[in-house]
Amino acid sequence: MISLTINEKEVTLDKPVTVLEAAKQAGIKIPTLCHHDLLKPWSGCRLCVVEVERMPRLQTACTLMAADGMVIKTESEAISNVRRGILEFLLINHPLDCPYCDKAGECELQDLVNKYGPTVGRYKEEKRKVPESHKDQIIARNTERCVMCTRCVRMCNDVQGASAISIIGRGNHSRMEPFSSESFDCEYCGNCLTVCPVGAILSRLYIHSFRPWQVDKEVGTICSYCGVGCSLVVQVRDDSIKRVIPKLGFGLNKGLLCSRGRFGYEYVNSPDRLKTPLVRKNGKLEESTWSEALSIIADKLTEIKGTSGGSAIAGIASPRCSNEDNYVLQKFMRVTCGSNNIDSLSRTGFAAAQKYFEDLLGQGITANIIDGIKNSEVVLVIGGDPTAVNPILGLSIREAARRGASIIVLGHAKGLEKFKTVQVVPPLFKEAEVLEALLVELFRAKGVRAELPFIDKEMRELSEKAAEKMDLPGFDELMKALLNSASTSIVLGMDLIQRTNGHRSLFGVAGITYLLEARLYLLSERPNEQGLIDAGCVPDMLPGGRPMNIPDFKSKFEAAWNGPIPDDDGLTLFEIIEGIKNRNIKALYVMGENPVFNLPGGPFLKDIFGNLDLLVVQDIFLTETAEIADVVLPALGWAEKSGTYTNLERRIQLQKQAVKTSRGMEDWRILSEISGRMGQKMGYLETDDIMREMAKVSPLYADLTYDEIGKGDCLWPYHGKPLRGEMNEVPPVVDAEKDYKADFYLAPEKLLFHSGTLSRKSPALMKICPEPTLKMSAASAGKLGLKEGDRVQFSTTAGSSEAPVSIDESIKDNRVFLSNNFQGSGVMDLLSFSIDEVTKAFGIEGCEVEIKKHGIKA
């Protein structure tokens, strides 16, 4: 224990901290400009000086460690004189434009001058002049206001790891500039905006549009984009979102945001939002009333159920919708429609992998705290770039590197190029073989773990069949790092799951996780992929991960829901599509999803969806799938409704309503209305009613309340009881050897600045990344005689498109990458696919592509 006195107040500390932090714990505020809780102490501004008994000079509180017996004064005439003098120096060149500056009302310099002075300036020299820059479309900078605290530079270098800005010039001419001069060439996280104490760096999204004191309310909620589930504060005026900001100490992101979370909120107010139900009449979608649209759906579903049975109806859930929405959808499908045909597009990656791992290793195997990555000795990254898919999780990997961890990348991850210790580049599409070889070597070195005999047996058989150790650059370093690590984290992206033999890679990862007792993280592209699984939106599981084939579980839900549940497991996503093709599925209900755009073979899907007697789409925009629907229902979007979401850690978090609108209805309320018209009343009035029912019927959610969830630490297994793994043997490998001899192969790219089709309705994100590019290695570009920005035409057996070329030095093979975010230019339309017979996910590897420079005839 450390005891000291600050301003005649006794302060007791449990651990050594700086005097600044000790004062903060005691409720005493010491002024600073260069210090920020997210940054290391710097002591550049000198405003935090304090008097310490028996020390001859004033000391900086941000760097001085508190010691037992210290007697400290934070306010005195001498201290005030120093602070006043420092502020007077800062105001020599600082423009006195507070009435015009957007930082007014939350400017730290303004507050300090108001408290300490000076009241007048003694310097008569002309202030320095630096033109304000609005050349960047997102971030405006006025370096005349800069106080040289270097917070922005330290944030960018030491926390974000982007190193995109620096201080240039000397003395009186020093200023902050991006390395790209006119505009920022960076990750657009905007965290420099968070730490800037003055108006030197501002977001152009809200510049000159409001003042902080004009905000009607601030609502703490969670982000709508990826599976990390960052907490943020929505500032609202006149029922319109004015700004989204992070808050220190609020949520797992601890004051940090990515580009999507900070700048991607504008889609909520998009003029393209659906405002009224649409019904297809005479081949065209026409505006309708809620009453007519809901009656058409209810009558048609009732008719199909009566003539063809409930199994002729299927539903697609949404990882963008809340737990409550998804719970009501699966209940609607099972009880009202009499069908277990409920799945989601998470089947193509996250849900497939999560089921495989939990069946093998037990429920909760992927429920690991993101902060745990920072304390790992080794982080193994496989199958994607975490800094693009889940940027805040990616920052934890960068922080682990700064703390001395070995960062090992299997494949390529551009956002970790400066942080990786070892990179292993497998032969093209041979990651499964590399993972199996690694597993064999680890098994030979560590031996049988003897906790799960069927996994030990499979590893022994792999070891007996394996040839000599794999000869691949970096493989030995990878193996040695894992063997010597006492704390390993494995971060798995969806790229390896979306393979015809994806289950082989999954077993390799499962075996390594099992042998090393590693923490396993699944990258998640959508905010509620885990939640929709837990809510029961899978064909073989009831809410809470309870198997359909156990009568006791099934009967409990039937009693609570006042209706029978079909006995047989339902169809998975691609089995549903096959059922539509064969005309066994006659009605499809799609909630908050866009399968025509987000699944490979979109034109093919459009054709087979024409076989349906009824296609219902419930969404906030007229998506590619909604355009071909029979009935389109406008739902409410993020910030317009309340509910809970479960992130990739399996942390349940509360999303709060921030704005009110009349242009749609909550997803769960729409379903409840239709169910009532079909004779199965649900009786929900608010989302609280749904959560109370979930807590009552699902063992996973037992006794959970919004009050508990709202505290932010509602972590797996909550109050529930997880189940052991379902498997007693490893599924047999289903594999077919393929030769990959083409010049180029097309693959999906995960963009940092976009997420699905939602972000294309965000003007800010479209300014940062306005169009798709065909990304390729320097070697591939050289082979084709291309340079950065050249426009190319490219085609596969499924279709063709064109885009400018982007050269990426981190790509080491002959794959070229295209995103799936922009209307009319999605990579999925160009890909053919097969199905992994074990995981039921699609395999899209090995899609040959021909590329030629635009305007050149073949």
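Up top you'll find the structure we're talking about.
Below is a summary of the structure that appears in this document. (Residues numbered from 1 in each chain as written. Predicted model: local features only at pLDDT ≥ 70, side-chain atom pairs only at ≥ 80, totals over all residues. Heavy atoms only, no water.)

1. A few points about the overall build of the protein
Part 1 of the reasoning: Tallying secondary structure elements over the protein gives 25 helices and 37 strands in all.
Part 2 of the reasoning: Relative to the globule expectation of 29 Å for 858 residues, the C-alpha radius of gyration of the protein, 29 Å, shows essentially globular dimensions.
Part 3 of the reasoning: For the protein, the proportion of its 858 residues judged to be buried stands at 62%.
Part 4 of the reasoning: Long-range contacts, defined here as pairs at least 24 residues apart, represent 72% of the contacts in the protein between residues at least 6 apart.
Part 5 of the reasoning: About 34100 Å² of surface is accessible on the protein, with carbon and sulfur atoms providing 49% of the total.
Part 6 of the reasoning: Side-chain charges of the protein comprise 104 positive and 113 negative groups, with the mean position of each set lying 5 Å from the other. (Helix = DSSP H or I, 4+ residues; strand = E, 2+ residues; numbered from the N terminus. Rg over C-alpha atoms; globule rule 2.2 N^0.38 Å. Buried < 20%, exposed > 50% of the residue type's maximum accessible area, 1.4 Å probe, protein only. Contact = heavy atoms within 4.5 Å. Areas by Shrake-Rupley, 256 points an atom, 1.4 Å probe, with all protein chains shown as cover. Lys, Arg positive; Asp, Glu negative; His and termini not counted. Charge placed at Lys NZ, Arg CZ, Asp CG, Glu CD.)

2. Regarding the pairing of strand β12 (residues 240–245)
Part 1 of the reasoning: Note: strand β11 (residues 231–237) against β12, five bridges, orientation antiparallel. Pairing of Val234 across the sheet is with Val244, part of β12.
Part 2 of the reasoning: The hairpin turn running from β11 into β12, its antiparallel successor, is two residues long, and Asp238 in that turn takes a positive phi close to 55°. (Pairing = 2+ DSSP bridges.)

3. Some details on the packing of helix α12 (residues 431–446) against helix α15 (residues 502–516)
A pair of packed helices is captured by two measures, namely the crossing angle of their axes and the spacing between those axes.
Part 1 of the reasoning: Two elements in contact, α12 and α15, have axes separated by 8 Å at closest approach and are oriented at 25°. In terms of their interaxial angle, α12 and α15 are classed as roughly parallel. Once α12 is placed against α15, the crossing between them reads as left-handed. For the pair formed by α12 and α15, the contact residues are Glu431, Ala432, Glu433, Leu435, Glu436, Leu438, Leu439, Leu442, Phe443 and Lys446 on the first element and Arg504, Ser505, Phe507, Gly508, Val509, Gly511, Ile512, Leu515 and Leu516 on the second. (Axes fitted to C-alpha atoms, helices over the stretch in contact; angles between N-to-C directions. Parallel < 35°, antiparallel > 145°, perpendicular 65-115°, else oblique. Left-handed = near helix turned anticlockwise from the far one by under 90°.)

4. Concerning the environment of Leu39
Part 1 of the reasoning: Along the chain, Leu39 falls in the loop between α1 (19–25) and β3 (49–52).
Part 2 of the reasoning: A relative accessible area of 7% means that Leu39 is categorised as buried.
Part 3 of the reasoning: C-alpha separation for the pair Leu39 and Gln680, spaced 641 residues apart in sequence, amounts to 56 Å.
Part 4 of the reasoning: Those residues in contact with Leu39 that sit more than four places away from it in its chain are Arg151, Arg154, Met155 and Val159.

5. Comments concerning the nonpolar core
Part 1 of the reasoning: Core analysis: the largest hydrophobic core is formed by 112 residues, its most contacted members being Phe332, Phe357, Tyr589, Leu633 and Ile674.
Part 2 of the reasoning: Counting residues domain by domain, this core receives three or more from each of domain 3 (278–345 + 528–715) and domain 4 (350–446 + 458–522).
Part 3 of the reasoning: Apart from the residues within four sequence positions on either side, Tyr589 is in contact with Ile297, Ala314, Gly315, Ile316, Leu329, Phe332, Val616, Gln618, Leu633, Ile670, Leu671 and Ile674.
Part 4 of the reasoning: Counting 94 residues, the second largest nonpolar core, distinct from the first, contains Cys152, Ile373, Ala401 and Ala639. (Core = buried A, V, L, I, M, F, W, Y, C linked by side-chain atoms within 4.5 Å. Domains from an automatic or database assignment.)

6. Section: α12
Part 1 of the reasoning: Given a rise of 1.5 Å per residue, 16 residues ought to cover 22 Å, and the 22 Å separating the end C-alpha atoms of α12 matches this to within 8%.
Part 2 of the reasoning: Among the 16 residues of α12, 13 are classified as buried, and the element is accordingly described as predominantly covered.
Part 3 of the reasoning: Phi turns positive one or two residues past the end of α12, at Gly447, with a value near 80°. (Expected span 1.5 Å × (residues − 1).)

7. Here's the deal with the pattern of salt bridges
Part 1 of the reasoning: Scanning the entire structure with this criterion turns up 54 salt bridges.
Part 2 of the reasoning: With a closest N to O distance of 2.8 Å, Glu177 and Arg141 form a salt bridge. Taken as a pair, Glu177 in strand β8 (residues 175–178) and Arg141 in strand β6 (residues 139–141) lie far apart in primary sequence, 36 residues in all. Arg141 carries the same exposure label as Glu177, and that label is buried.
Part 3 of the reasoning: For the salt bridge of Arg651 with Glu649, the shortest nitrogen-to-oxygen distance reads 2.8 Å. Each member of the pair, Arg651 together with Glu649, is buried.
Part 4 of the reasoning: Here the residues in one salt-bridge network are Lys430, Glu433, Glu436 and Arg504, joined through shared partners. (Salt bridge = Lys/Arg side-chain N within 4 Å of Asp/Glu carboxyl O.)

8. Regarding the pairing of strand β21 (residues 519–522)
Successive residues of a regular strand alternate their side chains across the two faces of the sheet.
Part 1 of the reasoning: Sheet topology places strand β20 (residues 488–492) next to β21; four bridges connect them, and they run parallel. Residue pairing across strands places Ser489 opposite Arg519, the latter belonging to β21.
Part 2 of the reasoning: Once the chain exits β20 it traverses α15 before rejoining the sheet at β21, and the crossover so formed is right-handed. (Right-handed = clockwise from strand over helix to strand, strands pointing away.)

9. Description of the sheet that holds strand β25 (residues 614–619)
Part 1 of the reasoning: Read across the open sheet, the seven strands follow the order β14-β13-β26-β25-β24-β15-β16; overall the sheet is mixed. Sheet topology places β14 (284–287) and β16 (342–344) at the edges, where each strand pairs with a single neighbour. Ignoring strand direction, the axes of neighbouring strands in this sheet form an average angle of 20°.

10. A look at the sheet that holds strand β4 (residues 59–60)
Part 1 of the reasoning: With mixed pairing, the five strands of this open sheet are ordered in space as β2-β1-β5-β3-β4. Strands at the two margins of the open sheet, each flanked by one partner only, are β2 (9–13) and β4.
Part 2 of the reasoning: Bridge count between strand β1 (residues 2–6) and β2: five bridges; the pairing is antiparallel. Each residue of the ladder has a partner; that of Leu4, found in β2, is Val11.
Part 3 of the reasoning: Along the sheet, helix α2 (residues 77–90) makes contact with β3 and β5 (71–73), crossing β3 at roughly 160°.

11. Structural notes on the side chain of Thr646
Part 1 of the reasoning: Structurally, Thr646 is set in strand β27 (residues 643–646).
Part 2 of the reasoning: With relative accessibility at 1%, the residue Thr646 sits in the buried group.
Part 3 of the reasoning: Of note is the side chain of Thr646, whose polar atom sits 3.1 Å from the side chain of Asn323.
Part 4 of the reasoning: With near-sequence residues (within four places) excluded, Thr646 lies in contact with Asn323, Pro527, Asn528, Gln530, Gly531, Asp534, Arg651, Ile652 and Tyr718. (Polar contact = N/O pair within 3.5 Å; in protein donor to acceptor, adjacent residues only side chain to side chain.)

12. Overview of the side chain of Gln354
Part 1 of the reasoning: Examined against the element boundaries, Gln354 turns out to sit in helix α9 (residues 350–361).
Part 2 of the reasoning: Ignoring any residue separated from it by four or fewer positions in sequence, one finds Gln354 in contact with Thr366, Leu522, Gln530, Ile533 and Arg650.

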